[in-house]
Amino acid sequence: MATYKVLVGLDYGKPPKRAEAGDVVSDLPSSSVSWLLEQNMIELAGSTPSKTKKTPVVEDLGE
Amino acid sequence: MAFIHGKSAIVLQNEFNLSTYFNDISASRSVETAETTSFGSSAKSYITGLVDGTISLSGMFDGAANAIDAEMTDVLGVNAGAVLSASVSGVTTIGTRMISATGKLTSYEVTAPVGDVVSANAEFQADDGIGNAVSLAALGAITTTTTGTSVDNGASSSNGGFATLHVTANTMNDATVCKVQHSADNSTWADLQSFTSVATTVVTAERIKVANGTTVNRYLRAVATPAGAGSFTYHINFARQ
């Protein structure tokens, strides 16, 4: 599930929840996410790590 | 379509409901035009320019504190002008079309004829035009947090607007926060414009411009959050541009 950083105060959900600017939330109604992103009211903060794969890090030692 | 009588019109000026002193209100809007007629034209053509507006109020003189004479003379010569809202339909229920403006008082005339009531007439020049507002909170008292029902504009607009608050009575023993919210889906609401926090027992008015170019979503509503105990009498409207 994606998480979003709130950029303007939002009231959402039932029962109503409040998120202030700066809060990171993951329970925004999916139907609202697109217009909130489009109008720069939220920004993607990340997603839960459950489905991400670890990528091995290769260090370049310069040899 | 329903026609309405003017007998119940409401006039709010700053933190005062002056309706009982007036018996006539006239709001005049105009748009200047610049001629673009060129050689070869068969008729004159024009492009529109800047909008403008004036508000005229006529009524009866009263020299008591907080009555018409005191409030008009208080704003005469004040560059900030007066916050004006009016409803020609006589109600301020949510969704009612309103007139809103920041008015600079350009004339105030008191007339005392020997055979008639003493009258008072005022002319305001609208600063930044007269707004075609819609009521988001009916003039009335609340004691707890109140979220107004939403007003559907049918579509979003893209040029900002004006948010107006009048607080005509306040016995709250703590501050009250009022704001206008907007929504694209009538479900999730974003703060559009917050008013200055209203301190305990303060009566006031504020008209804030939402910058030109700002998207104002299809749905609007007002939220008032009083703290403490008491009563808070207010009205909020919003004029899209």
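From a predicted model like this one, the values you see are computed outputs, not experimental measurements. (Residues numbered from 1 in each chain as written. Chains lettered and ligands numbered in written order. Predicted model: local features only at pLDDT ≥ 70, side-chain atom pairs only at ≥ 80, totals over all residues. Heavy atoms only, no water.)

Caption draft 1: Spatial organisation of the pattern of salt bridges. Tallying each qualifying case throughout the model produces nine salt bridges over all chains. Residue A:Asp11 is joined to A:Arg18 by a salt bridge in which the shortest nitrogen-to-oxygen separation is 3.2 Å. A relative accessible area of 15% means that A:Asp11 is categorised as buried. The class for A:Arg18 is partly exposed, based on a relative accessible area of 30%. Taken together, the shared-partner salt bridges in this structure form one network comprising A:Asp11, A:Arg18, A:Glu20, B:Lys179, B:Asp191 and B:Arg221. (Salt bridge = Lys/Arg side-chain N within 4 Å of Asp/Glu carboxyl O. Buried < 20%, exposed > 50% of the residue type's maximum accessible area, 1.4 Å probe, protein only.)

Caption draft 2: Spotlight on the interface of chain A and chain B. Across the contact, 13 residues belong to chain A and 14 residues belong to chain B. Overall, the association of chain A and chain B removes approximately 910 Å² of surface from exposure, summing both partners, and the carbon and sulfur fraction of that is 44%. Taken as a group, A:Asp11, A:Trp35 and A:Gln39 account for 51% of the area that chain A buries against chain B, more than any other trio of residues on that side. Summed over the shared surface of chain A and chain B, the number is two salt bridges. When the shortest N-O distance is used, the salt bridge between A:Asp11 and B:Arg221 registers 3.5 Å. Counting every contact that joins chain A to chain B gives eight residue pairs in polar contact (both at pLDDT 80 or more). If you list the elements that add at least two residues to the side of chain A that touches chain B, you get strand S2 (10–12) and helix H1 (30–38) of chain A. Broken down by element, the side of chain A that touches chain B gets its largest block of residues, four residues, from H1(A). When grouped by side-chain class, the residues that make up the side of chain A that touches chain B number seven nonpolar, four polar and two charged. (Contact = heavy atoms within 4.5 Å. Buried area = accessible area lost by both parts, 1.4 Å probe. Polar contact = N/O pair within 3.5 Å; in protein donor to acceptor, adjacent residues only side chain to side chain. Helix = DSSP H or I, 4+ residues; strand = E, 2+ residues; numbered from the N terminus. Nonpolar A, V, L, I, M, F, W, Y, C, P; charged D, E, K, R; others polar.)

Caption draft 3: View of the sheet that holds strand S4 (residues 24–25) of chain A. Residues and elements named next belong to chain A. Ordered by their spatial adjacency, three strands build an open sheet running S4-S1-S5, and the pairing between neighbours is antiparallel. The open sheet terminates on both sides in strands that have one partner only, identified here as S4 and strand S5 (42–47). As paired strands, strand S1 (residues 2–6) and S4 are joined by two bridges and run antiparallel to one another. The residue of S4 that forms the bridge with tyrosine 4 is valine 25. (Pairing = 2+ DSSP bridges.)

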